[in-house]
Amino acid sequence: MNLSNTQPLNAPTVPTLEISGISKRFAGTQALDKVALVLNPGEVHALLGENGAGKSTLIKIVTGMYKPDEGEILVEGNPVQIENAIQAQRLGIAAIYQEPRIFPDLNVAENIFIAHSNRGKVLHWRKLYSDAEAVMEKLGVKLDVRSQARDLTLAMQQSVEIAKAISLNARVLIMDEPTASLSAHEVKQLFTLVNALRNQGVAILFISHRIEEVFEIADRVTIFRDGKRISTAPVSQVTPESAIRDMVGRTLDTLFPKRDVAIGETLLSVKNLSKEGAFSNINFEIKRGEIVGFAGLVGARRTDVALALFGIAPADGGEVQLNGQPHKIISPQQAMSLGIAYVPEDRHEQGLVLPMSIIANISLPTLSQFLTGFGLIKSQKEASTAEDYRKRLSIRTPSVALEVSKLSGGNQQKVVISKWLNAKPSLLILDEPTRGIDVGAKAEVHSIISELATQGIGIMLISSDLPEVLGMSDRIVVMREGRQMAMLTGPEATQETVMTAAMGQIVETV
């Protein structure tokens, strides 16, 4: 159901939250420059912008983490100074984030009421559970409030976060990338919750890099660029093209610049690949210059297949052939020697050493190339290589000696790709390559992927972003709970057929 046509009910003239002329400067960076934003009761207001546009700074000001240099904040028409998070909470302002901030060793009810300071010296468990169930019922969520938070899915954890905000009588709910790690089905569940909150008069600020979601859920759209408010309009007056143009300050020819490539001979052949407890009987081929997408809902175990091919969690059954030769891959070192590279889905935990420089991160997997006979690093060669990838992949940085932690998400992802390209792979596995990066950076990463395919590199593209899989892939493998449900090619591959297979249904193809 498209929820964007649901308009705020009886919206009063006094906004729930009004921000005007807010500015914030950090050293030499103007993070926000006299921005304005109005949230009405019962409204979902989307805030879009590239990384560095000022969205996070605004959230931190509204939630009391930062103080603005100038400007005014009004809550229901009254000027307020938000000094800290406790004061924001008392004003009815709450925020939920991409990764829920819950206590895993507490149960659902305890998490919902953890921020309440007025429950008395003696805890009445029966009332606690009864009140928690009442909040969940108000949201239309069926969940055992006595269950441990650590056992919940990510989507259910977010439901608990929303319940926590509602229990505190939140009148403003800020949702910062809440769908980034959710499956399509879980996104629909979340949007059902958002619609319920809207109908209850909650003002919602919805931040997402997924343009299609904005048009499904939002009433109005505000776009920031370089710390300034560029535009605000009803969603009916905004198109994906105009939104992207306002976000990046230019027109993107296409978000998915897939080039026509002459597909070469078979590079990788996988037959009946299996791993007990993870996946079974996976069959596919990747040819030189071909991009094979892997689609599926959360829990499909696509990453497990990638980990097996890269030797991190080896398969225990089936056959893998590279260039026609069978191999049993049991370690990343062996995979690399066979020409396989793996860009993991979590660039912070698995892809980068954040305190180290761009130079050191790019050379890390192939450090032996940069050592003298005495084991010393050839610093000049190392820096030269990093500088070459900076130019080739348009990594935006004043210096390749900069700590990689200081880069934006999109530029960090380019560093991860660079370090594996330096290994000269013939097969590149990309696991969620554009997760958490803005639309402009996404287009650049897609362009890099397409360019690599023209060089004859075979690419395995794992993504939960369905438009990305459809827009960039030559063929699509659809998985569900460790099983291969379909192999779709050309006109067979549509959002409907992919989702049908991902939900476990039989896909009818011509």
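Here the residue index of a chain counts from 1 through its sequence in written order. Residue-level local features of this predicted model are given only where pLDDT is at least 70; pairs of side-chain atoms are given and counted only at 80 or more, and the full residue set underlies all totals for whole chains, interfaces and linings. Heavy atoms from the whole structure form the basis of all side-chain values; hydrogens and water molecules are not counted.

The next thing to look at is the overall build of the protein chain. What counts as a helix is a DSSP run of H or I of at least four residues, what counts as a strand is a run of E of at least two, and both are numbered from the N terminus. Scanning the protein chain for helices and strands turns up 17 helices and 20 strands. By the compact-globule yardstick of 24 Å for 510 residues, the protein chain fits well, its C-alpha radius of gyration being 24 Å. Considering only C-alpha atoms, the protein chain reaches an extent of 70 × 50 × 50 Å along its principal axes. Out of the 510 residues in the protein chain, the part that is buried amounts to 51%. By element, 50% of the accessible surface of the protein chain is carried by carbon and sulfur atoms, the whole surface being about 22700 Å². Under the convention used here, Asp and Glu are negative, Lys and Arg are positive, and both His and the chain ends fall outside the count. Charge placement uses NZ in Lys and CZ in Arg. For Asp and Glu, CG and CD serve respectively. Distance between charge centroids for the protein chain: 4 Å, based on 52 positive and 56 negative side chains. Atoms counted for the radius of gyration: C-alpha only. Globule rule: 2.2 Å times the number of residues to the power 0.38. Buried means the residue's accessible area, taken with a 1.4 Å probe over protein chains only, is under 20% of the maximum for its type, while exposed means over 50%, and partly exposed covers the values in between. Note on areas: Shrake-Rupley with a 1.4 Å probe; residue coverage comes only from the protein chains shown.

A few words now on the packing of helix α14 (residues 409-421) against helix α15 (residues 439-454). As a rule, the C-alpha atoms of each element are fitted with a line to give its axis, helices using only the stretch in contact, and angles between N-to-C directions run from 0 to 180 degrees. Across the interface, α14 lies against α15 with an axial gap of 9 Å and an inter-helix angle of 15°. Looking at the two axes, α14 sits roughly parallel to α15. The way α14 lies across α15 gives a crossing that is right-handed. Only A441, E444, V445, I448 and L452 of α15 make contact with α14, whose side of the interface consists of G410, K414, I417 and L421. For this classification, under 35 degrees means roughly parallel, over 145 means roughly antiparallel, 65 to 115 means roughly perpendicular, and everything else is oblique. We call a crossing left-handed when the near helix sits turned anticlockwise from the far one by less than a right angle, and right-handed when that turn is clockwise. Residue contacts follow a heavy-atom distance rule, with two residues in contact if any of their heavy atoms lie within 4.5 Å.

Not every positive phi belongs to a glycine, and E177 is a case in point at roughly 50°. By secondary structure assignment, the location of E177 is in the loop between β7 (172-176) and α6 (184-199). A positive phi angle, near 55°, is found at S394, a position not held by glycine. Along the chain, S394 turns up in the loop between α13 (379-392) and α14.

So, about the nonpolar core. Nine residue types can take part in a nonpolar core, namely buried Ala, Val, Leu, Ile, Met, Phe, Trp, Tyr and Cys, and a core is a set of them joined through side-chain atoms within 4.5 Å. Counting 63 residues, the largest nonpolar core has F284, L309, L428, I459 and M460 as the members making the most contacts within it. With six residues, α15 is the single largest residue contributor to this core. Among residues more than four places away in sequence, those in contact with L309 are L268, V270, L273, F284, V320, I329, A335, I340, I429 and M460. Counting 52 residues, the second-largest nonpolar core is a separate cluster that includes L48, L152, I211 and V221.

Let's shift gears to the packing of aromatic side chains. Put simply, two rings from Phe, Tyr or Trp (the six-membered ring, in Trp's case) pair if the centres are within 6.5 Å, and we call them stacked under 30 degrees between planes, edge-to-face over 60, tilted for the rest. Throughout the structure, instances matching the rule amount to six aromatic pairs. With a centroid separation of 5.8 Å and 35° between ring planes, the pair formed by W125 and Y129 is classed as tilted. Placement of the pair is W125 and Y129 together in helix α4 (residues 125-139), with a separation of four residues, close to one helical turn. W125 sits in the partly exposed class, given a relative accessible area of 37%. Under the relative-accessibility criterion, Y129 is labelled buried at 13%. Feature note: the residues F310, Y342 and W420 constitute an aromatic cluster, connected by ring pairs.

It is worth spelling out helix α1 (residues 55-62) at this point. In terms of residue burial, α1 counts as a mostly covered element, since six of its eight residues are buried. Listing the buried residues of α1 in full gives K55, T57, L58, I59, I61 and V62.

What follows is about the sheet that holds strand β1 (residues 17-26). Strands qualify as paired when DSSP identifies two bridges or more between them. One open sheet holds the four strands; their spatial order is β2-β1-β4-β5, and the pairing between them is antiparallel. Pairing within the sheet leaves two strands with one partner each, and these edge strands are β2 (29-39) and β5 (78-80). On average, adjacent strands in this sheet sit at an angle of 30° to one another, irrespective of strand direction. Where α1 meets the sheet, it contacts β1, β2 and β4 (70-75), and its direction lies at approximately 115° from that of β1.

Moving on: the environment of A203. Residue placement: A203 occurs in strand β8 (residues 203-207). When the C-alpha atoms of A203 and Q321 are compared, they prove to be 55 Å apart, with 118 residues separating the residues in sequence. Discounting residues that sit within four places of it in the chain, A203 has contacts with T16, L39, N40, P41, G42, E43, R171, V172 and L173.

Further remarks concern the side chain of E43. Of note, E43 is situated in the loop between β2 and β3 (44-48). Two N or O atoms count as a polar contact when they lie within 3.5 Å, although within protein this holds only if one can serve as hydrogen donor and the other as acceptor, and sequence-adjacent residues are included solely when both atoms are side-chain atoms. A polar contact of 2.4 Å, which involves the side chain of E43, links it to the side chain of R220.

This brings us to the environment of Q505. Looking at the element boundaries, Q505 is found in the segment after α17 (495-502). Along the backbone, Q505 and M485 are 20 residues apart, and their C-alpha atoms lie at a distance of 8.2 Å.

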